[in-house]
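Inside the fold
Letter by letter, the chains look like this.
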Amino acid sequence: MSRVTQRPSWDTYFMNITTLVAQRSTCTRRAVGAIIVKDKRILSTGYNGAPTGIRHCLEVGCLRESLQVPSGERHELCRGIHAEQNAIIQAAYHGVSVKDALLYCTNQPCAICAKMIINAGIKKIYYQSGYTDALAQEMLTEAGIDLIKHDDLSNQGGPP
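What counts, and at which threshold
- Residues numbered from 1 in each chain as written.
- Predicted model: local features only at pLDDT ≥ 70, side-chain atom pairs only at ≥ 80, totals over all residues.
- Heavy atoms only, no water.
- Core = buried A, V, L, I, M, F, W, Y, C linked by side-chain atoms within 4.5 Å.
- Buried < 20%, exposed > 50% of the residue type's maximum accessible area, 1.4 Å probe, protein only.
- Helix = DSSP H or I, 4+ residues; strand = E, 2+ residues; numbered from the N terminus.
- Contact = heavy atoms within 4.5 Å.
- Pairing = 2+ DSSP bridges.
- Right-handed = clockwise from strand over helix to strand, strands pointing away.
- 1 Å grid on protein atoms, 1.4 Å probe; cavity = no way out; pocket = protein on both sides within 12 Å on 5 of 7 lines; lining within 4 Å.
- Points joined across faces, edges and corners; volume = space filled by probe spheres on them.
- Nonpolar A, V, L, I, M, F, W, Y, C, P; charged D, E, K, R; others polar.
- Axes fitted to C-alpha atoms, helices over the stretch in contact; angles between N-to-C directions.

**Considering the nonpolar core**
Proteins that are soluble and globular tend to have nonpolar side chains buried together. Core analysis: the biggest nonpolar cluster contains 24 residues, and Ile36, Val98, Leu103, Ile117 and Ile122 have the highest contact counts within it. Those elements that place two or more of their residues in this core are β1 (33-38), α4 (83-93), β3 (102-107), α5 (111-120) and α6 (134-142). If you tally residues by element for this core, the top one is α5, at five residues. Once residues lying within four places of it in the same chain are set aside, the contact partners of Leu103 are Ala34, Ile35, Ile36, Glu84, Pro109, Ile117, Ile122, Lys124, Ile125 and Tyr126. Judged by nonpolar contacts, the second largest core, of seven residues, contains Phe14, Val21, Tyr104 and Tyr126.

**Points about the pairing of strand β5 (residues 146-149)**
In this structure, strand β4 (residues 124-129) lies alongside β5, joined through four bridges in parallel fashion. Bridge pairing in β5 links Ile125 to Leu147. At this point the chain moves from β4, through α6, to the parallel β5, and the crossover so formed is right-handed.

**Some details on the layout of surface pockets**
By volume, the largest pocket amounts to about 400 Å³. Lining the largest pocket are 26 residues; nearest its centre among them are Cys27, Arg30, Asn48, Arg64 and His82. Looking at side-chain class alone, the lining of the largest pocket contains twelve nonpolar, ten polar and four charged residues. Lining the second largest pocket are 13 residues, and of these Tyr47, Ala50, Thr52, Asn86 and Gln90 lie nearest its centre. Mapped onto the lining of the second largest pocket, the elements with two or more residues apiece are β2 (41-47) and α4. At three residues, β2 tops the list of elements feeding residues into the lining of the second largest pocket.

**Regarding the side chain of Arg64**
One can find Arg64 in helix α3 (residues 63-66). Among residues more than four places away in sequence, those in contact with Arg64 are Arg29, Val69, Pro70, Ser71, Gly72, Glu73, Arg74, His75, Leu77 and Cys78.

**Here's the deal with the sheet that holds β5**
With mixed pairing, the five strands of this open sheet are ordered in space as β2-β1-β3-β4-β5. At either margin of the open sheet sits one strand with a lone partner, and together these are β2 and β5. Within the sheet, the average angular offset between the axes of one strand and its neighbour, ignoring direction, is 20 degrees. When β3 meets β4, the two strands line up parallel, connected through five bridges. Within β4, the residue paired with Cys105 across the bridge is Tyr127. Across the sheet, helix α1 (residues 10-22) lies against β1, β2, β3 and β4, angled at about 140 degrees from β1, the strand it touches most.

**Considering unusual backbone geometry**
Note: most peptide bonds trans; most residues except glycine with negative phi. Even without being a glycine, Asp39 presents a positive backbone phi close to 55 degrees. Inspection of the secondary structure assignment puts Asp39 in the loop between β1 and β2. Unlike most non-glycine residues, Asp100 shows phi in positive territory, near 70 degrees. Following the sequence through the fold, Asp100 ends up in the loop between α4 and β3. Look at Asp100 and you get partly exposed, because its relative accessible area is 38%.

Structural data, given as structure tokens:
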């Protein structure tokens, strides 16, 4: 008996994994996941949360929330590291080059993450949603890094 199965495109497959990674987030405001991929292989993953060995916001509360800091502002007032930063750091920690890789992220990167992505040599970013950061978009465009919203890919069927 033959079974016909609709396989997700590679981009949808990796974005689905990114959504799963976000479930490990310890941020009380927004769960974000990121993965770095090269040659259809996952190099590293990251989610937003406090550094290793530091108490998480789930345990101590959110400083940004208590100070009523709006989303997208004053990133330094947070115990957590962004998902994109954690993915880049994990690759470096394990000696894995991310040069010419792709980044899949549940949210559009902020300006701080955009600078790290540019210097890490990542060439393309796929994201699902998030706050708009005009400076991040400007820098990524100037650096020649494609920023692609995942909705644009939702109708792709099988593997490319």
